[in-house]
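# Reading the structure
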Amino acid sequence: MSIEIRNVNKTFNSFKALDNINLKINTGELVALLGPSGSGKTTLLRIIAGLEYSDEGSIIFDGEDNTEKSTQDRKVGFVFQHYALFKHMTVFENIAFGLKVRPSKLRPSKEAINEKVNELLSLVKMKELARRYPAQLSGGQRQRIALARALAVEPRVLLLDEPFGALDAKVRKDLRRWLRKLHDEHPITSVFVTHDQEEALDVADKIVILNQGKIEQIGSPEEVYDNPINPFVYNFLGNVNLFHGRVHNGKVEIGTLRLDVPKNVGTHNKNIISYIRPHDIEISLEAVGEDFIEAEVIFIRAVGPIVNLELKRSDSGGYVEAEISREVYRTLSLQEKQKVYFRPRDFKVFIPEDYSI
Amino acid sequence: MKLTDKPLKIKQQSVIPGFGITMGFSLLYLSLMVFIPVSMVFFNSSKMGWKQFWDIVSSERVLASLKVSFTTSFLAAAVNVVFGVLFAWVLVRYSFPGRKIIDGLIDLPFALPTAVAGISLTTLYAENGWIGKLLVPLGIKVSYTPLGIIIALIFISFPFVVRTVQPVLESMDIEVEEAAICLGASRFQTFYKIIIPTLLPAIITGFALAFARSLGEYGSVVFISGNMPMFTEITPLLISTKLEQYDYAGATAIAAVMMVISFTMLLFINIIQWWAGDRDKPN
């Protein structure tokens, strides 16, 4: 089922939580609402579920206006960050709850409910724990039960509010892979809220980046990562080095660097901010031409396949983070306090007046 | 001789120090304040013969008073469960002007001398009292009937259920209710399938406290009940009547019976409590 959000506004007291949100989510998509805390992502999710009402605007499910409908009638599955399981019920009863509360005409028979619950228990791989109470389960198991419970009522949309936020790193990674796989097998329209960019990039078909109640960018993980529309998105989607510079005579000048001006920036004399991701920095032992900046290696962290370097620019004294592969690190045989030269392989230029971070 | 033999150990290893002294003091205190006084009842009544004991406790007047005491206390506690939960709900879930004041007023029945409560309730509910006057045309008599006893007991045991349920309701996660709503449960289904079971252990505790308090209540009841043997005479009053007649053996015999019944009922309530509380514990 598709979801359309039209001109949604929401204000809490004087705080503008959502500012004119327009968003279309297609049938079967897995969409991440990504943003820092206070960006309005959870509020938007709750408005879609009907747990919160918008001041203005409409929520449309499959062309049908659901703005005035109660949560019960919207048929959404909602998964909470802290699971919100019913503590006094067993795992089995938790999953069966949504089917058991249906009015008698729509309620499946006892056998049908049993069958459905068992099917879901095997889907979440927790069949042997059916008789346990939530307090006897681990966090990851609880969240899987919460998901099974939400799926039991065959919702038209699945909404997940920071579903992995309360779990430890390893479980979180496993569960999000599992969610991705589940979605591939049962493509139900899903929206999940997260503040973890890695999680959003890893799981979602489409990422919606929110900041201060506004949508900053919508796109596939590749699109938003490779072509961030503004400094906020660039910053939010991963580590970044920030350089102040100028556009002058058709060249971007950053310290001693002279780089070709990208298409989106005019050639007028302007101060610019350039963003370079740590893995887009190339390190060389010798300066070749003028498009290298001299720096000193301050710190090396060589754990894992990627070696992290901290460099100190000789011209401005600013610090730069770089990531190089282990092979490159070995070839260069870098040492701390060594002089090196670096240049960006890829970079983005923004004109600071347009944006503030 | 086996080398692995270890002396019997009651104390379990714990990082928290002071097990010996705290446990010892607790037992001493409990003995002085509760066990010894209570066992005196059994000790005194054991001085009489089994036959005499049985004659006293199986007399019609004693049986009638036990029936009055347990029924009225049970009904009062039951009424307090319903309205106590309602009060706790209103105080926790809604904010309205004067909420803090009402919250403070709830404890008033504890602070008031029970005799004062008894006298004012009797005046109100007597046939010429403010409320009693209105009830007479309806054929309802409150003062000097078991209904009067129930009202007095409701009054003095009112705070228990409110005060036990309130904190649980306050700490209840609103997300759990939202989850139920998302799954299609109506407000009513959410209330009796989610909220009530969560509150149940607290409700049972409140009920047990209110019930126990009502059983022992004497001060307020004597004024409103009229103390008619076989009709509105409660067991605590019968005990004190016997004492006034210097029938110490008779008084302790009745007290012993009442204590056994009360203990059995409280134990039963506690078993329900353990059963209800068990599922929240990880194992």
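Preceding this paragraph is the structure being described.
Along every chain, residues carry numbers that run from 1 in the direction the sequence is written. Whichever chain is written first is A, and whichever ligand is written first is 1; the rest continue in order. The model is predicted, so local features are restricted to residues of pLDDT at least 70 and side-chain atom pairs to those at 80 or more, both for listing and for counting; the totals for chains, interfaces and linings are taken over all residues. Side-chain measures were taken over the full set of non-hydrogen atoms in the model, leaving aside hydrogen atoms and water.

Our next topic: the sheet that holds strand E15 (residues 281–284) of chain A. Residues and elements named next belong to chain A. Pairing between strands requires that DSSP locate at least two bridges from one strand to the other. A run of DSSP states H or I qualifies as a helix once it reaches four residues; a run of E qualifies as a strand once it reaches two. Both are numbered from the N-terminal end. If you walk across this open sheet you meet the five strands as E15-E19-E16-E17-E18, and the pairing is antiparallel. Looking along the sheet, the strands with just one partner apiece sit at the ends: E15 and strand E18 (319–325). Sheet twist, expressed as the average angle between the axes of neighbouring strands with direction ignored, equals 45°. Across seven bridges, strand E17 (residues 306–313) lies against E18 in antiparallel orientation. Bridge pairing links Ile-306 to Ser-325 in E18. Angles run from 0 to 180 degrees between N-to-C directions of axes, and those axes are lines fitted to C-alpha atoms, restricted for helices to the stretch in contact.

Looking now at empty space enclosed by the protein. All names here are of chain A. A pocket here means an open set of points on a 1 Å grid, computed over the protein atoms alone, that has protein on both sides within 12 Å along at least five of seven lines. A cavity is instead a set of points where a 1.4 Å probe fits but cannot get out; residues with an atom within 4 Å of a point line either one. Grid points are joined across faces, edges and corners, and a volume is the space filled by probe spheres set on the points. On inspection of all chains with the given rule, the structure shows three cavities of 30 Å³ or more. What the largest cavity holds in volume is close to 50 Å³. Around the largest cavity, the lining residues are Val-79, Gln-143, Arg-144, Leu-147, Leu-160, Pro-163, Phe-164, Leu-175, Trp-178 and Leu-179. Listing elements by their share of the lining of the largest cavity, those giving two or more residues are helix H5 (139–152) and helix H6 (169–185).

All right, on to the packing of helix H6 (residues 114–125) of chain B against helix H8 (residues 146–171) of chain B then. Residue and element names in this part refer to chain B. Between H6 and H8, the least distance of the axes is 10 Å, while the angle of their chain directions is 135°. Accordingly, the angle class assigned to the pair H6 and H8 is oblique. Crossing of H6 against H8: the hand is right-handed. Taking contact as the criterion, the partners of Thr-114, Ala-117, Leu-121 and Tyr-125 in H6 are, on H8, Ile-151, Ala-152, Phe-155 and Ile-156. For the contact of H6 with H8, a count of residues per class yields seven nonpolar, one polar and no charged. Each angle receives one of four descriptions, namely roughly parallel if under 35 degrees, roughly antiparallel if over 145, roughly perpendicular if within 65 to 115, and oblique otherwise. By definition, turning the near helix anticlockwise from the far helix through less than a right angle yields a left-handed crossing, and turning it clockwise yields a right-handed one. Any two residues whose heavy atoms approach within 4.5 Å at even a single point are treated as in contact. Classification convention: Asp, Glu, Lys, Arg as charged; Ala, Val, Leu, Ile, Met, Phe, Trp, Tyr, Cys, Pro as nonpolar; all other residues, Gly among them, as polar.

Once that is clear, we can look at H5(A). Expected span, for any helix, means 1.5 Å times one less than how many residues it has. Compared with an ideal rise of 1.5 Å per residue, which puts 14 residues at 20 Å, H5(A) spans 20 Å between its outermost C-alpha atoms and is within 8% of the ideal. The rule is simple: take the accessible area with a 1.4 Å probe, protein chains only, and divide by the maximum for that residue type; under 20% is buried, over 50% is exposed, in between is partly exposed. Where H5(A) is concerned, the buried positions are Gly140(A), Gln143(A), Ile145(A), Ala146(A), Leu147(A), Ala148(A), Arg149(A), Ala150(A), Leu151(A) and Ala152(A). Looking at the buried residues of H5(A), the elements they touch are strand E6 (76–79), helix H3 (91–100), helix H4 (110–123), strand E7 (157–161) and H6 of chain A together with helix H9 (174–182) of chain B.

Turning our attention to the interface of chain A and chain B. Each partner contributes to the interface: chain A provides 24 residues, whereas chain B provides 22 residues. Reported buried area values correspond to the accessible surface (1.4 Å probe) lost by two parts on association, with both partners' losses combined. Roughly 2100 Å² is buried in total at the junction of chain A and chain B, and carbon and sulfur atoms are behind 64% of that figure. Taken as a group, Gln72(A), His88(A) and Val101(A) account for 29% of the area that chain A buries against chain B, more than any other trio of residues on that side. The term salt bridge refers to a pairing of a side-chain nitrogen on Lys or Arg with a carboxyl oxygen on Asp or Glu at a separation within 4 Å. Put simply, chain A and chain B have one salt bridge between them. Between Arg46(A) and Glu178(B) there is a salt bridge, with its nearest N and O atoms 2.6 Å apart.

Another point: the sheet that holds strand E10 (residues 214–219) of chain A. Residue and element names in this part refer to chain A. Ordered in space as E6-E7-E8-E3-E9-E10, the six strands form an open sheet in which the pairing is mixed. For this open sheet the edge positions go to E6 and E10, each flanked by a neighbour on one side alone. On average, each strand axis in the sheet is tilted by 15° relative to the strand beside it, whichever way the strands run. Relative to E7, E6 runs parallel, the two being bridged by four bridges. By the bridge assignment, Val-79 is partnered in E7 with Leu-160.

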